[in-house]
Amino acid sequence: MNIVITGGAGFIGSNLANELCKNHKVLVIDNFDNNERFSNNKRKYFGTYKNLLEFDGLIYSANLLDDEFYAMIDSFAPNVIYHFAAISDTTVYDEEIVFKSNINTFYKIIALAKKHNAKLIYASSASVYGDAPSPQTVGLNEIPKNPYAFSKLTMDKIAKDTGAVGLRYFNVYGKNEFYKDTTASMILQFALQILNNNSPKLFVGSDKIFRDFVYIKDVTNANIAAMNANGGVYNVGSGKARSFESIVDILQDLLIKRGILKERLQKTYIPNPYTNAYQFHTEAKLDDSFSYRPIYSLEDGINDYLDEIIKIFNNK
Ligand SMILES: NC(=O)c1ccc[n+]([C@@H]2O[C@H](COP(=O)([O-])OP(=O)(O)OC[C@H]3O[C@@H](n4cnc5c(N)ncnc54)[C@H](O)[C@@H]3O)[C@@H](O)[C@H]2O)c1
């Protein structure tokens, strides 16, 4: 099959691209990093060739906001389109640029999927649930708390009844997230603090902040399963809420077991600057009608990821 992956040089897209290129003709289209910054000083584009060193397929560098992006997809005549390209940073509050990038462009992606009769699978987000009580369930209590989350909920509304599959990823962690800097998962960020022998920094009250952390290998499997899913929106999480405290404890215990750390470091608590737009408890309600089944517990995922994290640390 001909498969397009927009945003395929980013975290989730590159993991899928590196897998699908083994059996399909894959086009990755992404605006690679040019070091431009948003007003919050975060990089605009997290895509990098470093995520595609194992990729064997076509690569095209273009911006979602430019016509050549769609012309390239059109000429590739895709059977499947995975759409990940987006402003993925929940702390970009400039509504105009978030909506132009995430919402306006989606109409063009849907039109291309329709023209080529291609299966469209796109990235929605668990952020659409805001403070909704756990377990978060598709169709219930969707009250976004920032422009990013609003853009993703709007995409779900635009895609309704088109046959497209929207996947609401919860907190994803794993290989190829390193280039997302401070928007990379707290699993990686805590691990690097600990490996640097620095006290891991948690927000005050972290023992009461729970998230559904889902490992990238499960997410890649969900993306592949989505090719055969009925049109609709599905949660992609582990189905289990875990605290930020647990991440630090699991990491420290694994590092002690491997002889890399002598004893648990003391945690430091810092004020949470995001309390107005923060999710304090997420846990995905998984849908039986979607064949995706997560395999990795937080312990298993972190253990599987640890060699990669140590490699990242040693290359710094
Ligand atoms: N990682 C998570 O935990 C998570 C959770 C929920 C939803 N999502 C969504 O999943 C998708 C992939 O997330 P990710 O973590 O891989 O993020 P990412 O930032 O690593 O990937 C997004 C990719 O899109 C590209 N891109 C951004 N703006 C572009 C533009 N204007 N033109 C062309 N390319 C552009 C970036 O270069 C990057 O490679 C995103 O849509 C994100 O919103 C991610």
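Everything that follows concerns the structure shown earlier in this document.
Participant: Describe the packing of aromatic side chains, with residues and values.
Facilitator: Enumeration according to the criterion identifies 17 aromatic pairs in this entry. Between the aromatic rings of Phe-203 and Tyr-278, the centroid separation amounts to 5.9 Å while the plane-to-plane angle is 75°, which identifies the pairing as edge-to-face. Residue Phe-203 is found in strand β8 (residues 201–203), and its partner Tyr-278 is found in the loop between β12 (268–270) and α8 (298–315); the two are separated by 75 residues along the sequence. Each member of the pair, Phe-203 together with Tyr-278, is buried. With 4.8 Å between their ring centres and 65° between their planes, Tyr-215 and Tyr-296 make a pair best called edge-to-face. Here Tyr-215 is found in strand β9 (residues 210–215), whereas its partner Tyr-296 is found in the loop between β12 and α8, with 81 residues between them in sequence. Judged by its relative accessible area of 4%, Tyr-215 falls in the buried class. Feature note: the residues Tyr-173, Tyr-215, Tyr-296 and Tyr-305 constitute an aromatic cluster, connected by ring pairs.

Participant: If you had to explain the site of the ligand to someone new, which residues and values would you point to?
Facilitator: Around the ligand, the structure places 27 residues, and the nearest of them are Ile-12, Asp-30, Ser-88, Tyr-148 and Lys-180. Gly-10 places a main-chain nitrogen or oxygen 3.0 Å from an oxygen atom of the ligand. With respect to the ligand, the side chain of Ser-88 contributes an N or O atom lying 2.7 Å from an oxygen atom. Expressed as a share of its isolated accessible area of 820 Å², the protein-covered part of the ligand is 95%. Mapped onto the shell around the ligand, the elements with two or more residues apiece are α1 (11–20), β5 (119–125) and α4 (147–159). Per-element tally for the shell around the ligand: the top contributor is β5, with three residues. Taken together, the residues of the shell around the ligand sort by class into 16 nonpolar, eight polar and three charged.

The rules behind the values
Residues numbered from 1 in each chain as written. Predicted model: local features only at pLDDT ≥ 70, side-chain atom pairs only at ≥ 80, totals over all residues. Heavy atoms only, no water. Phe/Tyr/Trp six-rings, centres within 6.5 Å; stacked < 30°, edge-to-face > 60°. Helix = DSSP H or I, 4+ residues; strand = E, 2+ residues; numbered from the N terminus. Buried < 20%, exposed > 50% of the residue type's maximum accessible area, 1.4 Å probe, protein only. Near = heavy atom within 4 Å. Polar contact = N/O pair within 3.5 Å; in protein donor to acceptor, adjacent residues only side chain to side chain. Areas by Shrake-Rupley, 256 points an atom, 1.4 Å probe, with all protein chains shown as cover. Nonpolar A, V, L, I, M, F, W, Y, C, P; charged D, E, K, R; others polar.

As far as function goes, none of this settles anything; it's purely spatial.
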